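The residues making up each chain are set out below.
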Amino acid sequence: GKNHKILVATRREDIDSNFKTFALEPLNELESLDILKTNLITEISADDLEVAKEICNLVEGIPLALILIARRINKINKYPSIKDKSGSEIVDEELRERFRAVMHQGNLSSLSTYVTLDVSYDDLSKIEQKHIRALGVFAIHSIRLDSAKILWGLSEDEAIDILQSLELSGMIERIDQNLWWFHH
């Protein structure tokens, strides 16, 4: 047989001690800003640089959170009707509001990811929100194409379209041709 190695990236510390683990330092501000900038469609203005730094600190430099936040900022910046605030300022306010709403839960290692996914959920269309909520029946955090198709009562092509849309939003990740995972 072949030797296979699996890399699991997590902030959880309750992982089975039979695995070899490597502790990584969180991304610093410069690395976080680089990920945010790389995923933004437009440049961060000089006025928004401090806001962008605050966002990076709020999400604790978590790469997935930074990518999702960049998608949110890109989406907001598409709407010219929002003239009084930049996309970065709006997202910064959204994140702060959600952190205030969940601070009573204590110092959870996944709090910044939770808040970021909450903001990303709001970006989904009503139909995408309906479909992601229905996927909550999968307690094992993985979604098979055939199961999603049956759950939603859709054709295979329609189910793939929804799963790909949810993947593009950052809510789930494709693992192979017929399997997706929730980000958690």
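From a predicted model like this one, the values you see are computed outputs, not experimental measurements.

Parameters and conventions
- Position numbers for residues count from 1 along each chain, tracking the sequence in the order it is written.
- Reporting in this predicted model follows two pLDDT cut-offs: at least 70 for local features of residues, and 80 or more for side-chain atom pairs to be given and counted; totals over whole chains, interfaces and linings ignore these cut-offs and use all residues.
- For side-chain calculations, the full set of non-hydrogen atoms in the structure is used, while hydrogens and water are omitted.
- Where helices and strands are cited, they refer to DSSP runs of H or I of at least four residues and of E of at least two residues respectively, numbered from the N terminus.
- Each residue is assigned to one of three classes by its accessible area relative to the maximum for its type, calculated with a 1.4 Å probe on protein chains only: buried under 20%, partly exposed between the two thresholds, exposed over 50%.
- Contacts are residue-level and defined by heavy atoms, with any inter-residue pair within 4.5 Å sufficient.
- The protein chains shown are the only cover counted for residues, whose accessible areas, like all others here, come from Shrake-Rupley with a 1.4 Å probe.
- In this scheme, a helix's expected span is set at 1.5 Å multiplied by one less than its residue total.
- For salt bridges, the criterion is a side-chain nitrogen of Lys or Arg within 4 Å of an Asp or Glu carboxyl oxygen.
- The term nonpolar core refers to a set of buried residues drawn from Ala, Val, Leu, Ile, Met, Phe, Trp, Tyr and Cys, joined through side-chain atoms within 4.5 Å.
- We treat two strands as partners when DSSP finds at least two bridges between them.
- Patches draw on residues past 30% relative accessible area with no salt bridge. Two like charges within 9 Å are joined, as are two nonpolar side chains (Val, Leu, Ile, Met, Phe, Trp, Tyr) within 5 Å.
- Just so you know, the count uses Lys and Arg for positive and Asp and Glu for negative, and it drops His and the chain ends.
- Each charge is placed at NZ for Lys, CZ for Arg, CG for Asp and CD for Glu.
- Note on geometry: axes are C-alpha line fits, over the in-contact stretch for helices, and angles between N-to-C directions span 0 to 180 degrees.
- Each angle receives one of four descriptions, namely roughly parallel if under 35 degrees, roughly antiparallel if over 145, roughly perpendicular if within 65 to 115, and oblique otherwise.
- Gly is placed with the polar residues, together with every amino acid not listed as nonpolar (Ala, Val, Leu, Ile, Met, Phe, Trp, Tyr, Cys and Pro) or charged (Asp, Glu, Lys and Arg).

*Asks:* Can you help me understand the overall build of the protein in this one?
*Replies:* From N to C terminus, the protein includes 8 helices and 3 strands. Here the protein holds 184 residues, and the buried ones make up 38% of them. In the protein, of all internal contacts separated by at least 6 residues, the share reaching a separation of at least 24 is 54%. Taken as a whole, the protein presents about 12300 Å² of accessible surface, with 53% of it coming from carbon and sulfur.

*Asks:* Even after reading the chapter, I still don't get helix 3 (residues 63–77), so can you show me in this structure?
*Replies:* Along an α-helix, a turn takes 3.6 residues, which lines up residues three or four apart on a common side. In a regular helix each residue adds 1.5 Å, so 15 residues correspond to 21 Å; helix 3 covers 21 Å between its end C-alpha atoms and thus fits that length. Ala-65, Leu-66, Leu-68, Ile-69, Ala-70, Arg-72, Ile-73, Asn-74 and Ile-76 are the residues of helix 3 that are buried.

*Asks:* Looking at this model, I keep getting lost on the pattern of salt bridges. Mind explaining?
*Replies:* Any two side chains of opposite charge can pair, on the condition that their charged atoms come close. Per the counting criterion, the structure on display carries 3 salt bridges. Close ionic contact of Glu-50 with Lys-53 constitutes a salt bridge, the shortest N to O distance being 3.5 Å. Taken together, the residues span about one helical turn, with Glu-50 and Lys-53 both in helix 2 (residues 49–58) at a distance of 3 residues. Lys-85 is paired through a salt bridge with Glu-93; the nearest N and O atoms lie 2.9 Å apart. By relative accessible area, which is 31% here, Lys-85 ends up partly exposed.

*Asks:* Looking at this structure, I do not really get the nonpolar core. What am I missing?
*Replies:* One recurring pattern in soluble globular proteins: nonpolar side chains tend to sit buried together. The biggest cluster of nonpolar side chains holds 23 residues, and the ones touching the most others in it are Leu-36, Ile-55, Ile-69, Val-91 and Leu-95. Elements with a minimum of two residues in this core: helix 1 (29–39), helix 2, helix 3, helix 4 (87–102) and helix 5 (111–123). For this core, the element with the highest residue contribution is helix 3, accounting for 6 residues. Counting 20 residues, the second largest nonpolar core, distinct from the first, contains Leu-68, Leu-117, Ile-160 and Ile-172.

*Asks:* Help me understand unusual backbone geometry in this model?
*Replies:* Trans is the common state for peptide bonds, and a negative phi is the common state for residues other than glycine. The residue Glu-60 is not glycine, and still its phi comes out positive at about 55°. The residue Glu-60 is located in the loop between helix 2 and helix 3 in this model.

*Asks:* In this structure, what is going on with the pairing of strand 2 (residues 172–176)? I would like to understand it.
*Replies:* The side chains of a regular strand alternate between both faces of the sheet. As defined by bridge partners, strand 2 adjoins strand 3 (residues 179–182) across 4 bridges and the pair is classed as antiparallel. The residue bridging Glu-173 from the neighbouring strand is Trp-181, located in strand 3. Between strand 2 and the antiparallel strand that follows it, strand 3, lie 2 residues.

*Asks:* Please explain a negative patch on the surface as it appears in this structure.
*Replies:* On the surface, a cluster of negative charge is made up of Glu-156, Asp-157, Glu-158 and Asp-161. Turning to its location among the elements, Asp-157 is positioned in helix 8 (residues 156–168).

*Asks:* Would you mind going over the sheet that holds strand 3 with me for this structure?
*Replies:* Think of a sheet as strands paired side by side through backbone hydrogen bonds, with each pair either parallel or antiparallel. Reading across from one edge, 1-3-2 is the order of the 3 strands in this open sheet, with antiparallel pairing throughout. Each of the sheet's edge strands pairs with one partner strand only, and the pair in question is strand 1 (142–144) and strand 2. The sheet shows a mean angle of 30° between the axes of neighbouring strands, direction not considered. As judged from the 3 bridges shared by strand 1 and strand 3, these two strands associate in the antiparallel manner. Bridged to Ile-143 within strand 3 is Trp-180. Most of the contacts of helix 8 go to strand 2, to which it runs at about 120°, and overall it touches strand 1, strand 2 and strand 3.

*Asks:* What exactly am I supposed to notice about the packing of helix 7 (residues 145–152) against helix 8 here?
*Replies:* The geometry of a pair of packed helices is captured by two quantities: the angle between their axes and the separation between those axes. Contact geometry of helix 7 with helix 8 gives a least axis separation of 9 Å together with a crossing angle of 105°. Relative to helix 8, the element helix 7 is oriented roughly perpendicular. Here Leu-145, Ala-148, Lys-149 and Trp-152 of helix 7 come into contact with helix 8, specifically with Glu-156, Ala-159, Ile-160, Ile-162, Leu-163 and Leu-166. Across the contact of helix 7 with helix 8, the residue classes break down as 8 nonpolar, no polar and 2 charged.

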